[in-house]
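Next come the chains, spelled out residue by residue.
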Amino acid sequence: MLILMKSNASEQQLEAVAARVRDLGLTPHPLKSSSRTVVGVTGEYNGLDPAVFSALAGVSKVVRLSVPFKLAAREFHQDDTVVDVAGVKIGAGQKLCVMAGPCSFESEEQVLEIARAVKAAGASIMRGGLFKPRSSPFSFQGLQQGGAKIMDLARQQTGLSFVTEALDEASLELVEEHADMIQIGARNMQNFTLLKKAGQSKKPVLLKRGMSATLEEWLTAADYILSGGNSQVVLCERGIRSFATHTRNTLDLSAVPAVKELSHLPIIVDPSHGTGIRNYVPPMALAAVAAGADGIMVEVHNNPEQAKSDGGQSLFIEQFRQMMEKIPAVAKAVGRAV
Ligand code: PEP
Ligand code: MN
């Protein structure tokens, strides 16, 4: 439910509305923008008569949201949100954000070599898993704690920001301490306890789309993080399960304009997990930029053939450089700076 305030409503009237919302056991989310002041209402209000708010002084009208998500909804928050990852700004027409790095951190040498290369090619955030969600328990599970020290060292040496996945509540604490952005992976998109914990974090969150999640389910999952008080959420389209077998997943680029219509949150695209095939990554990365994505996340490895995870979809460093050279022209064509 949204309570739209009159343009001349006073601060006291706004406070009285918020107090009434709280009296009813609900939570008010006041939001002021240049064009309007609105109070988003969350909580269980089914059956509540909107007249309890529309009669209050300063209220212009009360509207029900047409979508099941609330805080992530564009109807609630009209202006694009800008997410700040240790100084790297994502969304609202800011420069295109390029996140790049290996699927997993494997060693100090591997991380430092890739970090220098992706930075030189124009990436501003490095990716790389410390905790890996692998289909088999016998596959490489990540360097875990040991990788966090390498992350700190690579930040010190390159000035890059870092994003890495938290698999559960225990790893979230370590990730929160060392990384600049917490990644929540596709398999955990509806891990509600993890989402709530990320909502309490001071670090921005990258929320990947679940393997078979609708946009409604994805944005409602984002509400878990936003409702905890963490407004810094970036969405990441990474492909969904389909009947197609020519790629690992089906990269749903139409999610970009659709999410931009439904939500104020920034959205980036991961063509690496989205296709699973190295040579398909550069064209789909360019297509993501053309579709209006706020950034891309790409797997890059200094020795993909020997990678401990996802080597087949990881770009060679040279291939990444060549892809990066093609991005400015596409970005320019859609009015975006790099
Ligand atoms: C990853 O980015 O390393 C990853 C595991 O991605 P996803 O959660 O999209 O599968
Ligand atoms: Mn991977």
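Residues numbered from 1 in each chain as written. Chains lettered and ligands numbered in written order. Predicted model: local features only at pLDDT ≥ 70, side-chain atom pairs only at ≥ 80, totals over all residues. Heavy atoms only, no water.

1. As for the side chain of Gln319
Point 1. With respect to the secondary-structure elements, Gln319 resides in helix α11 (residues 317–333).
Point 2. A polar contact of 3.0 Å, which involves the side chain of Gln319, links it to the side chain of Asn279.
Point 3. If we ignore the near neighbours within four places in the chain, the residues touching Gln319 are Arg278 and Asn279. (Helix = DSSP H or I, 4+ residues; strand = E, 2+ residues; numbered from the N terminus. Polar contact = N/O pair within 3.5 Å; in protein donor to acceptor, adjacent residues only side chain to side chain. Contact = heavy atoms within 4.5 Å.)

2. Quick notes on the packing of aromatic side chains
Point 1. Scanning the entire structure with this criterion turns up two aromatic pairs.
Point 2. Residues Phe105 and Phe162 carry aromatic rings whose centres are separated by 6.5 Å and whose planes lie at 85 degrees to one another, so their mutual orientation is edge-to-face. On the criterion of sequence distance, the pair formed by Phe105 in the loop between β7 (97–101) and α3 (108–121) and Phe162 in strand β9 (residues 161–165) is long-range, its members being 57 residues apart. The same class applies to Phe105 and to Phe162, which are both buried.
Point 3. Residues Phe192 and Tyr224 carry aromatic rings whose centres are separated by 4.6 Å and whose planes lie at 25 degrees to one another, so their mutual orientation is stacked. Here Phe192, found in helix α6 (residues 192–199), pairs with Tyr224, found in helix α7 (residues 215–227); they are 32 residues apart in sequence, far enough to count as distant.
Point 4. Since its relative accessible area comes to 30%, Tyr224 is described here as partly exposed.
Point 5. A cation over a ring is seen here: Lys308 above Phe140, with NZ or CZ 5.0 Å from the ring centre. (Phe/Tyr/Trp six-rings, centres within 6.5 Å; stacked < 30°, edge-to-face > 60°. Buried < 20%, exposed > 50% of the residue type's maximum accessible area, 1.4 Å probe, protein only. Lys NZ or Arg CZ within 6 Å of the ring centre and 35° of its normal.)

3. Looking at the sheet that holds strand β4 (residues 59–63)
Point 1. Here four strands make up an open sheet; going across it, the order is β2-β3-β1-β4 and the pairing antiparallel. For this open sheet the edge positions go to β2 (27–32) and β4, each flanked by a neighbour on one side alone. Here the strands of the sheet are splayed against their neighbours by 20 degrees on average, with no regard to which way each runs.
Point 2. Here six bridges tie β2 to strand β3 (residues 37–42), and the two strands are oriented antiparallel to one another. Within β3, the residue paired with Pro28 across the bridge is Val41. (Pairing = 2+ DSSP bridges. Axes fitted to C-alpha atoms, helices over the stretch in contact; angles between N-to-C directions.)

4. So, empty space enclosed by the protein
Point 1. As enumerated under the stated definition, the model contains one cavity of 30 Å³ or more in all.
Point 2. Estimated volume of the largest cavity: approximately 30 Å³.
Point 3. Lining the largest cavity, in full, are Met1, Leu2, Gly40, Val41, Leu65, Lys70, Leu71 and Phe76.
Point 4. Of the residues that constitute the lining of the largest cavity, the class distribution is six nonpolar, one polar and one charged. (1 Å grid on protein atoms, 1.4 Å probe; cavity = no way out; pocket = protein on both sides within 12 Å on 5 of 7 lines; lining within 4 Å. Points joined across faces, edges and corners; volume = space filled by probe spheres on them. Nonpolar A, V, L, I, M, F, W, Y, C, P; charged D, E, K, R; others polar.)

5. Notes on the coordination of the manganese ion (ligand 2)
Point 1. For the manganese ion (ligand 2), the full set of protein donor atoms is Cys103 (SG), His273 (NE2), Glu299 (OE) and Asp310 (OD), and the range of their distances to it is 2.0 to 2.3 Å.
Point 2. Mapping the donors of the manganese ion (ligand 2) onto the primary sequence gives the spacing C-x169-H-x25-E-x10-D. Pair noted here: Cys103 is in the loop between β7 and α3 and Glu299 is in strand β14 (residues 295–301), with a separation of 196 residues, a long-range link. Side by side, Cys103 and Glu299 carry an identical accessibility label, which is buried. (Donors = N, O, S within 2.8 Å, 3.2 Å for Na, K, Ca; no water.)

6. Regarding the site of ligand 1
Point 1. Neighbouring residues of ligand 1: Arg127, Lys132, Pro133, Glu165, Gln183, Gly185, Ala186, Arg187, Lys208, Arg238, His273 and Glu299.
Point 2. One of the side-chain N or O atoms of Arg127 is found 2.7 Å from an oxygen atom in ligand 1.
Point 3. For ligand 1, whose accessible area on its own is 300 Å², the fraction buried by protein is 97%.
Point 4. Its atoms largely coinciding with the cavity grid, ligand 1 occupies the largest pocket. (Near = heavy atom within 4 Å. Areas by Shrake-Rupley, 256 points an atom, 1.4 Å probe, with all protein chains shown as cover. Sits in = over half its atoms within 2 Å of the grid points.)

Spatial relationships are all this shows, so hold off on functional conclusions.
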